[in-house]
Amino acid sequence: MKEKIYTIPVTDAFKTECECPMCILEKKLEDENIEYILGPFLMEPEGRIQTNKEGFCQKHFERLYNTQANRLGLGLIVDTHMHEQNAILKKLYEKKADELKKASEISLMKNLSSKFSSKQTESDKFVDELLEKLNQLEKSCTICNRLNNTMERYIDVIFYLYFKEEEFRQMFNNQKGFCLKHLKTLVDSTKKHLSTKETAAFLNNLMSIQLENMERIQDEVNWFTQKFDYRNNDAPWKNSKDALLRSIQKLVGYSNLK
Ligand SMILES: [Zn+2]
Ligand SMILES: [Zn+2]
């Protein structure tokens, strides 16, 4: 039996009526992580080493800030993260500053010829190095990393329960499929967790549920648009009142839509 601390949240999520049980798992984890980062995590030296290096993505900075909790704590995290990153950027630039100055002063003729040569100039190299660093910084996020690690465990548990426990497989089949983001995660994870035979059986089942539900929700959002026609004023909403919100979440995963 897989560890209980992972199976309980997984089975709870698959018991919830929703468009994507993995979004339920991830949202809960995300909430817990936001609280944790602004709480006990701040006091752990390893935690600060991690946030200094990784920082947060735009979405998670937004969530951390918008909780309006522990502004000092968030300030401390931002302060030392920025201090560390500024030093890295400065070092990167200072290594090349003289070369850049030289390159900016070369004659027009030489400048033109270097544009057409295939050799990478020092300025080209600096552009690449700087972009690599900025891309890495943009993508790295302490919360995303923590979420990915735990979601990976949950996926392991989902596959385990799906193949070992009939009761779970039934819950899985009674769900409405997944959002496309988590469909992708599941499909991708078959490569790591399942044999060829298991992958075929799993995908066959998954895709029939998924497509049936993608069509179902498209019908619902279609009826949502038709309700704007005055001739449908008195027609019932059916399931479509919140169909726009649910269909967007089906496409991109849980989002903070108001
Ligand atoms: Zn999802
Ligand atoms: Zn993030």
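## Some thoughts on the overall build of the chain
Now for step 1: Within the chain, the regular secondary structure consists of twelve helices and zero strands.
Now for step 2: Taken from the N to the C terminus, the helices and strands of the chain come in the order α-α-α-α-α-α-α-α-α-α-α-α.
Now for step 3: The 258 residues of the chain split such that 36% are buried.
Now for step 4: For the chain, long-range pairs separated by at least 24 residues make up 76% of all intrachain contacts whose partners lie at least 6 apart in sequence.
Now for step 5: Here the chain displays about 16600 Å² of accessible surface, and carbon together with sulfur accounts for 56% of that area.
Now for step 6: Charge separation in the chain, taken as the distance between the mean sites of 40 positive and 39 negative side-chain charges, equals 2 Å.

## Some words on the coordination of the zinc ion (ligand 1)
Now for step 1: Of the protein atoms, only C20 (SG), C23 (SG), C179 (SG) and H182 (ND1) coordinate the zinc ion (ligand 1), at distances of 2.0 to 2.3 Å.
Now for step 2: Here the zinc ion (ligand 1) binds four donor atoms, and the angle range of 101 to 115° at the metal identifies the geometry as tetrahedral.
Now for step 3: Counting gaps between the donor residues of the zinc ion (ligand 1) yields the pattern C-x2-C-x155-C-x2-H. Of the two residues examined, C179 and H182, each falls in the buried class.

## Quick look at the packing of helix α10 (residues 180-193) against helix α11 (residues 196-226)
Now for step 1: Packing of α10 against α11 brings their axes to within 11 Å, and their N-to-C directions diverge by 175°. As summarised for this structure, α10 and α11 are arranged roughly antiparallel, according to the angle between their axes. Every residue of α11 that contacts α10 at L180, L183, L186, V187, T190 and H193 is listed here: E198, T199, F202, L203, L206, M207, Q210 and M214.
Now for step 2: For the contact of α10 with α11, the residue count by class is nine nonpolar, four polar and one charged.

## Quick notes on the pattern of salt bridges
Now for step 1: Using the criterion set out here, one finds 20 salt bridges in the structure.
Now for step 2: A salt bridge links R63 to E30; its shortest N-O distance comes to 3.4 Å. With a gap of 33 residues between them, R63 in helix α4 (residues 58-66) and E30 in helix α2 (residues 21-37) connect regions that are remote in the sequence.
Now for step 3: Classification of R63 as partly exposed rests on a relative accessible area of 23%.
Now for step 4: The buried category is assigned to E30, whose relative accessible area is 4%.
Now for step 5: A salt bridge links E122 to K125; the shortest N-O distance between them is 3.0 Å. Of the two residues, E122 and K125 are both situated in helix α7 (residues 122-139); the distance of three residues between them amounts to about one turn of the helix.
Now for step 6: Counted as one network, the salt bridges with shared partners bring together E19, R216, E220, D242, R246 and K250.

## Here we look at the domain arrangement of the chain
Now for step 1: For the chain, the domain assignment lists domain 1 (22-143) and domain 2 (150-252).
Now for step 2: Here domain 1 and domain 2 have C-alpha centroids that lie 35 Å from each other.
Now for step 3: Contact with domain 1, which involves five residues of that partner, is made by eleven residues of domain 2.
Now for step 4: Interface area, domain 1 with domain 2, both sides summed: about 750 Å², of which 80% is carbon and sulfur.
Now for step 5: Summed over the three residues of domain 1 that lose the most area to domain 2, namely M22, E26 and L29, the buried surface amounts to 73% of that side.
Now for step 6: At the junction of domain 1 with domain 2, the criterion picks out one salt bridge.
Now for step 7: K181 is the partner of E26 in a salt bridge, and the nearest nitrogen-oxygen pair spans 2.7 Å.

## Comments concerning α11
Now for step 1: The end-to-end C-alpha distance of α11 is 44 Å, a good match for the 45 Å that 31 residues give at a rise of 1.5 Å each.
Now for step 2: For α11, every residue scored as buried is listed here: T199, F202, N205, L206, I209, Q210, N213, I217, E220, V221, W223 and F224.
Now for step 3: On its buried side, α11 packs onto α8 (142-164), α9 (166-174), α10 and α12 (243-252).

## Thoughts on the packing of aromatic side chains
Now for step 1: For the coordinates displayed, the defined rule picks out 15 aromatic pairs.
Now for step 2: Pairing F14 with F178 gives two aromatic rings, centres 6.1 Å apart and planes at 65°, and the pair type is edge-to-face. Of this pair, F14 sits in helix α1 (residues 4-15) while F178 is found in the loop between α9 and α10, placing the two residues 164 residues apart along the sequence.
Now for step 3: Of the residues examined, F14 reaches a relative accessible area of 3% and is grouped as buried.
Now for step 4: Judged by relative accessible area, F178 falls into the buried class, the value being 1%.

Each value, and the rule that gives it
- Residues numbered from 1 in each chain as written.
- Chains lettered and ligands numbered in written order.
- Predicted model: local features only at pLDDT ≥ 70, side-chain atom pairs only at ≥ 80, totals over all residues.
- Heavy atoms only, no water.
- Helix = DSSP H or I, 4+ residues; strand = E, 2+ residues; numbered from the N terminus.
- Buried < 20%, exposed > 50% of the residue type's maximum accessible area, 1.4 Å probe, protein only.
- Contact = heavy atoms within 4.5 Å.
- Areas by Shrake-Rupley, 256 points an atom, 1.4 Å probe, with all protein chains shown as cover.
- Lys, Arg positive; Asp, Glu negative; His and termini not counted.
- Charge placed at Lys NZ, Arg CZ, Asp CG, Glu CD.
- Donors = N, O, S within 2.8 Å, 3.2 Å for Na, K, Ca; no water.
- Tetrahedral: all angles 85-135°; square planar, octahedral: opposite > 155°, others 65-115°.
- Axes fitted to C-alpha atoms, helices over the stretch in contact; angles between N-to-C directions.
- Parallel < 35°, antiparallel > 145°, perpendicular 65-115°, else oblique.
- Nonpolar A, V, L, I, M, F, W, Y, C, P; charged D, E, K, R; others polar.
- Salt bridge = Lys/Arg side-chain N within 4 Å of Asp/Glu carboxyl O.
- Domains from an automatic or database assignment.
- Buried area = accessible area lost by both parts, 1.4 Å probe.
- Expected span 1.5 Å × (residues − 1).
- Phe/Tyr/Trp six-rings, centres within 6.5 Å; stacked < 30°, edge-to-face > 60°.

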